[in-house]
Amino acid sequence: MDSAVGAGIAAAMFLPGFVLGHSGGGDVKFAACCGLILGWPGTLPMLLLSAILLGAISLWVMMRRRGASASKGRIPAGPALALSFVLAMALVKLGMR
């Protein structure tokens, strides 16, 4: 049951971005799979870490692009989500939920 709740929470967090056209469906599915593996207690740190990483990446991209084209294009969430999944999995394995 923890796995299903984790998958639902992770998918629900990425679903609005997909509906609004700001992210792809793969990000939603990947987040759901990560939540399924981690369960709901491990999903929360994963989502927090991925939000921090995506914010940092977005800021870096905006600073690099400068000007009118700064808001154009998408930033893939997959790498940030994968790194945050690995870190959250380490926390779960260490018992630091």
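Residues numbered from 1 in each chain as written. Predicted model: local features only at pLDDT ≥ 70, side-chain atom pairs only at ≥ 80, totals over all residues. Heavy atoms only, no water.

Draft legend 1. Up close: the overall build of the chain. In terms of regular secondary structure, the chain is built from three helices and zero strands. Sequence-ordered secondary structure for the chain, helices as α and strands as β, is α-α-α. Along the first, second and third principal axes, the C-alpha atoms of the chain reach 45 × 25 × 15 Å. Every one of the 97 residues in the chain was classed for burial, and the buried ones make up 32%. Here the contacts in the chain between residues at least 6 apart in sequence split such that 70% fall between residues at least 24 apart. Surface accessibility of the chain: about 6,100 Å² in total, with carbon and sulfur atoms responsible for 73%. (Helix = DSSP H or I, 4+ residues; strand = E, 2+ residues; numbered from the N terminus. Buried < 20%, exposed > 50% of the residue type's maximum accessible area, 1.4 Å probe, protein only. Contact = heavy atoms within 4.5 Å. Areas by Shrake-Rupley, 256 points an atom, 1.4 Å probe, with all protein chains shown as cover.)

Draft legend 2. Quick look at the packing of helix H2 (residues 25-65) against helix H3 (residues 78-94). Two elements in contact, H2 and H3, have axes separated by 7 Å at closest approach and are oriented at 120°. If you check the angle between H2 and H3, you find them oblique. Note on packing geometry: the crossing formed by H2 with H3 is right-handed. Considered class by class, the residues forming the contact of H2 with H3 number 21 nonpolar, four polar and one charged. (Axes fitted to C-alpha atoms, helices over the stretch in contact; angles between N-to-C directions. Parallel < 35°, antiparallel > 145°, perpendicular 65-115°, else oblique. Left-handed = near helix turned anticlockwise from the far one by under 90°. Nonpolar A, V, L, I, M, F, W, Y, C, P; charged D, E, K, R; others polar.)

Draft legend 3. Inspection of H2 at higher detail. In this model, H2 (41 residues) spans only 25 Å end to end at C-alpha, well below the 60 Å of a helix rising 1.5 Å per residue. Of all the bends in H2, the greatest reaches close to 125° and is centred on Gly39; the proline Pro41 follows between one and four positions later. (Expected span 1.5 Å × (residues − 1). Bend = angle between axes of the 7 residues up to and from the residue.)

Draft legend 4. How the structure looks around the nonpolar core. If you look at the biggest cluster of nonpolar residues, it comprises 16 residues, and the most contacted ones within it are Phe14, Ala31, Leu38, Met46, Leu81 and Phe85. Elements that contribute at least two residues to this core include exactly helix H1 (2-19), H2 and H3. When residues of this core are assigned to their parent elements, the largest contribution, eight residues, is made by H2. Among residues more than four places away in sequence, those in contact with Ala31 are Ala10, Phe14, Met46 and Leu81. (Core = buried A, V, L, I, M, F, W, Y, C linked by side-chain atoms within 4.5 Å.)

Draft legend 5. Looking closely at the environment of Gly24. Assignment of secondary structure puts Gly24 in the loop between H1 and H2. When the C-alpha positions of Gly24 and Ser3 are compared, they lie 23 Å apart, and in sequence the two are 21 residues distant. Non-local contacts of Gly24, meaning those with residues more than four positions away in its chain, are made with Phe18 and Arg74.

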